[in-house]
Each structure stands twice: as structure tokens, then as C-alpha cells.
Amino acid sequence: MIRVGEAAEACVNPTTASLGLSLNNPKPADLRKDTGCTYNAGTETYVDPGDSTKSKTLTYSPSGSAVSTNAHIYNSFEAGFSDKQDKVIEGWGCSTPSDLYDNAGGLDLGLAESKVRKLCYDSVAWSFPNVQADDSYRGCVGPCGGHTSDYHFHGRYHCLYSQSGAHSTKIGDVGPYIMYGKWEDFENKKLPHLDACGAHIGKTPDSPANDVYHYHAQDRGPYGVGCFGDGTNLVTVEKCRSLYPECNDAQAETFTDMPQPDGTKKTFEYDRDCPCFDANGLNTGTITERAIIAAPTVLSYDASEWTCGSGVSCMQTVEKTLGYTDYVGSDSTTTTTTTTDTTTTTTTTDTSTSGGASTKAMLATAGATIMAALLV
């Protein structure tokens, strides 16, 4: 666990030897430490709500807008929240931080965001993360997908790869493999079909002639590395779950009326610290196998077909939140919920917190601590 003020630690990418990888022998990924390391530097930016042709640069303490090279690629799970994070939680727009306390941890970033959306915004569509009326950004992680003084990623990686061309450019090394951005074909808006580890076998910008096992960032679980494949075989959800004692451990919980980014609600079973999500976006219960297992050569699907799935094991796509046009899923703002307010919150609206206080006023004191002080 990293706290503000602690010394940054160099990213250590797992190796084939340290993982013990061999043929037909996939391995689990660490749930709290490095699963890989990034290649590139980036900048935390988002579109200016007043002028979509311009971008804004996020500035926060202590690292400003910069995302350094060799940043940590973590799994998606947070380690829990307590009164030590009160100021951070308030900075998210929550008037009662204790509503978000969770000592057990093990919820992925998407579900953690959904709790904020439900408890602090009454499930308003596209409410969290958000851009405030003063153009400031609010979220559990920054626009690029990471946080804290020892910068580490839980997902997204938006600023590390090109939102152009065909296959996304590379983000970093994850064990002996390369992770790329989320697009199989950006120009034709195709997202990749992936196995339970988060990878598939195909050609890449770095291997244009030969098919290789490689990873993609995702907006649904596992977001990055669900497990480490053997490099030759695709990994089923059942095999992935067998790698983690936390999966199928009879400790599944029911989460009720959890809002997706568009405001629709889902009730589902969830197993903490289990990074093995099936085709329905669920990490426990009866498995609906991922499509690529039955059709390993079908590497992509149309981005308009993307959804959060049956669970809320997904993150609000950063592109939609930040005003970009390359987000995935339906562009509809109409929801089917019965919440008190299901209209889409625009990036220029000064949305009130659950206690009625202005988020704009709250940001005056919380802006510098929104991400930097978060315990993970």
C-alpha cells in the first residue's frame, strides 16, 4: 500500500522466470503490486467543455499533469477506504465520507466508481467521474487512469497510446508480453475480443508478420491483466478462476441497484479480488465463456456493441467523460431506470453533492487531494 509521503518505488515487471510460466501453465497476477510497467510518459488532459477543439491539462499535487515513464501497472482492485481518506472522498463530491468506508477492499475501480455514483450522486447518468463547471476534473483516478505520488495505473491508460490509426500502440510490458491500448482497429472502431487474462493472439504494430500473444486495455474487467497466459493458449474463465483462491470461495456478495455510467441499474453477485470476468462482465457464478474461446481467429467486434454487461464490472469510459468523441458503446442518453434524476449530466453543469453543497465550492479545498492522497 502506498501513502502520500512515502518514497516512490521503481516499477518491477514480472518475468517469465519469476512468474513460473510454462506451456499450459498460466499464472495469477498480483492483486496489489506491479503486474507490469509502462513505456511512455503522458499528460493528464481532457477536452475544454467550452471549446471541443481545445484541451485542458489537469494539474494536481504533487506530480502536476505529468505521467512519468516506467509507471506501475497495477491490477484494478482498491485496498479499501476508511476515515484516513475522508478528504479524498469529500473531493469526489460525497458529503458523508463514511458512506464509502470499506475496510475489506478488493472491489475493482469500476465498482468503486459505481458506489460513488450511487451513494453520492443518486445514480445520475454520467455523474462520476466528471468535469466541473470550473473545468476541473473529479475522479478516483486521473483522466489517464492512475493516481498518487508513486503514480500507478488501475486502468484506462488513455494518455499513453494514440487514439488514431488501426491497432493501438503499446502501453507497456506486462510480464513477458506487451500491453496495447484498447483498440484493435481505431479507424474502423473495432474493439478486441480477449481471453480471461485480457489478451489474444494476433498481429501487432511490433509484430506485423507474426501472431503473438498480447494484451489490450479494456473498459470492462479485468481492465488490464486478469492473469498471465502461457503465450500459446487462450485462457478460459474457468481456468483463470482456478488460479485465485479468492475466486469461487463462497464469499460472493450481492450488490443491489448499482448504477452503470449511463444511469441504468444492475443487481449482481460479485467476488472480491477475483479478476476473472466472463462474457457478461461477472466474476462469480455460472460462466458465460468469452467469445474468443470458441472463435479464436475472430479478434474484434464493433465498438457500438460494447456494454457494461450484467454486472457493473466496468468503468465510465474516460473519452465520454472528458468530451472526446472516441468513446465506446451507445451514444444514447436515455436510461431505463426509475431514479429521481436520470438525465445526462453535462461537463459544464455544476452538479450538487449528495448533501446539497456545491461541488464547485468543495473543489476549492479538495482539488489538490482528489487523487494524490488516495490509499491503494
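Just so it is clear, the structure is predicted and the values come from calculations on it, not from any experiment. (Residues numbered from 1 in each chain as written. Predicted model: local features only at pLDDT ≥ 70, side-chain atom pairs only at ≥ 80, totals over all residues. Heavy atoms only, no water.)

An account of the overall build of the chain is requested, with residue identities and associated values reported.
Of the regular secondary structure elements, the chain holds seven helices and 20 strands. Across the 376 residues in the chain, those meeting the buried criterion constitute 55%. Taking the contacts inside the chain whose residues are at least 6 apart along the sequence as the reference set, 67% of them involve residues at least 24 apart. (Helix = DSSP H or I, 4+ residues; strand = E, 2+ residues; numbered from the N terminus. Buried < 20%, exposed > 50% of the residue type's maximum accessible area, 1.4 Å probe, protein only. Contact = heavy atoms within 4.5 Å.)

Before we move on, could you go through helix H3 (residues 109-121) and cite the residues and values that matter?
For H3, built from 13 residues, the straight-helix expectation of 18 Å at 1.5 Å per residue is met to within 8% by its first-to-last C-alpha distance of 17 Å. In terms of residue burial, H3 counts as a mostly covered element, since 11 of its 13 residues are buried. Within H3, burial applies to Leu109, Gly110, Leu111, Ala112, Glu113, Ser114, Lys115, Val116, Arg117, Cys120 and Tyr121. Lining the buried residues of H3 we find strand S8 (130-131), strand S9 (137-138), strand S18 (253-259) and strand S19 (265-270). Looking at the residues trailing H3, positive phi occurs at Asp122, about 55°. (Expected span 1.5 Å × (residues − 1).)

Tell me what's going on with the state of the cysteines, and back it up with residues and numbers.
For the structure shown, the criterion picks out seven disulfides. There is a disulfide in this structure between Cys94 and Cys120, and the S-S distance comes to 2.0 Å. An S-S torsion of about 100° defines the bridge between Cys94 and Cys120 as right-handed. One end of the pair, Cys94, is in the loop between helix H2 (86-91) and H3; the other, Cys120, is in helix H3, and 26 residues separate them in sequence. Considered together, Cys94 and Cys120 belong to a single accessibility category, that of buried residues. Each sulfur of the disulfide joining Cys144 and Cys159 lies 2.1 Å from the other. The disulfide joining Cys144 to Cys159 has a torsion of about -90° about its S-S bond and is therefore left-handed. Linking Cys144 in the loop between S9 and strand S10 (146-147) with Cys159 in the loop between strand S11 (152-153) and strand S12 (170-174), this pair joins segments that are 15 residues apart in sequence. (Disulfide = S-S within 2.5 Å.)

Can you explain the packing of aromatic side chains? Please cite residues and give values.
Enumeration over the complete set of coordinates arrives at 11 aromatic pairs. Within the aromatic cluster, the residues linked to one another by ring pairs are Phe81, Trp92, Tyr121 and Phe128. Over the ring of Tyr39 we find Lys170, and its NZ or CZ is 4.7 Å from the ring centre. Of note, Lys189 hangs over the ring of Phe186, and the distance from its end group to the ring centre comes to 3.9 Å. (Phe/Tyr/Trp six-rings, centres within 6.5 Å; stacked < 30°, edge-to-face > 60°. Lys NZ or Arg CZ within 6 Å of the ring centre and 35° of its normal.)

Provide a residue-level description of the pattern of salt bridges, including the pertinent values.
For the structure shown, the criterion picks out 10 salt bridges. Two residues, Arg32 and Asp273, come together in a salt bridge whose shortest N-O distance is 2.9 Å. In this pair, Arg32 sits in the loop between strand S1 (27-28) and strand S2 (36-38) while Asp273 sits in the loop between S19 and helix H5 (291-294), placing the two residues 241 residues apart along the sequence. Asp102 is paired through a salt bridge with Lys115; the nearest N and O atoms lie 3.8 Å apart. (Salt bridge = Lys/Arg side-chain N within 4 Å of Asp/Glu carboxyl O.)

I'd like to hear about the sheet that holds S12, residue by residue, with values.
The strand order across the open sheet built from eight strands is S10-S11-S7-S2-S12-S13-S16-S15, with neighbouring strands paired in mixed fashion. Unpaired on one side and paired on the other, S10 and strand S15 (199-204) mark the two borders of the sheet. The pairing of S2 with S12 spans two bridges and is antiparallel. Looking at S12, one finds that Thr38 is bridged to Gly172. (Pairing = 2+ DSSP bridges.)

I'd like to hear about the side chain of Thr204, residue by residue, with values.
Structurally, the position occupied by Thr204 is in strand S15. Among the polar contacts made by the side chain of Thr204, one reaches the side chain of Tyr180 at a distance of 3.0 Å. At 2.9 Å, the side chain of Thr204 and the backbone nitrogen of Ser207 are in polar contact. When residues no more than four places from it in sequence are discounted, the contact partners of Thr204 are His167, Tyr180, Val212 and His214. (Polar contact = N/O pair within 3.5 Å; in protein donor to acceptor, adjacent residues only side chain to side chain.)

An account of empty space enclosed by the protein is requested, with residue identities and associated values reported.
Counted by the stated rule, this structure contains two cavities of 30 Å³ or more. Volume-wise, the second largest cavity comes out at about 40 Å³. Taken together, Glu78, Phe81, Trp92, Leu100, Leu107, Ala112, Lys115 and Val116 make up the lining of the second largest cavity. By residue class, the composition of the lining of the second largest cavity is six nonpolar, no polar and two charged. (1 Å grid on protein atoms, 1.4 Å probe; cavity = no way out; pocket = protein on both sides within 12 Å on 5 of 7 lines; lining within 4 Å. Points joined across faces, edges and corners; volume = space filled by probe spheres on them. Nonpolar A, V, L, I, M, F, W, Y, C, P; charged D, E, K, R; others polar.)

Hey, could you go over the pairing of S12 for me, with residue numbers and the actual values?
Regular strands place their side chains on alternate faces of the sheet. Bridge analysis of S12 against strand S13 (residues 177-180) gives four bridges, and the strand direction is antiparallel. Bridge pairing links Val174 to Tyr177 in S13. Hairpin connection between S12 and S13: a loop of two residues separates the two successive antiparallel strands, and Gly175 in this loop has a positive phi of roughly 60°.

A description of the confidence of the model for the chain should follow, citing residues and the corresponding values.
Of all residues in the chain, 83% have pLDDT values of 70 or greater, and the mean over the chain is 83. Within the model, the stretch residues 1-6 combines pLDDT values under 50 with 18 contacts to residues more than four positions away or in other chains. Across residues 332-376, confidence stays below pLDDT 50; counting only partners more than four residues off in sequence or on other chains, it has 119 contacts. (pLDDT = per-residue confidence, 0-100.)

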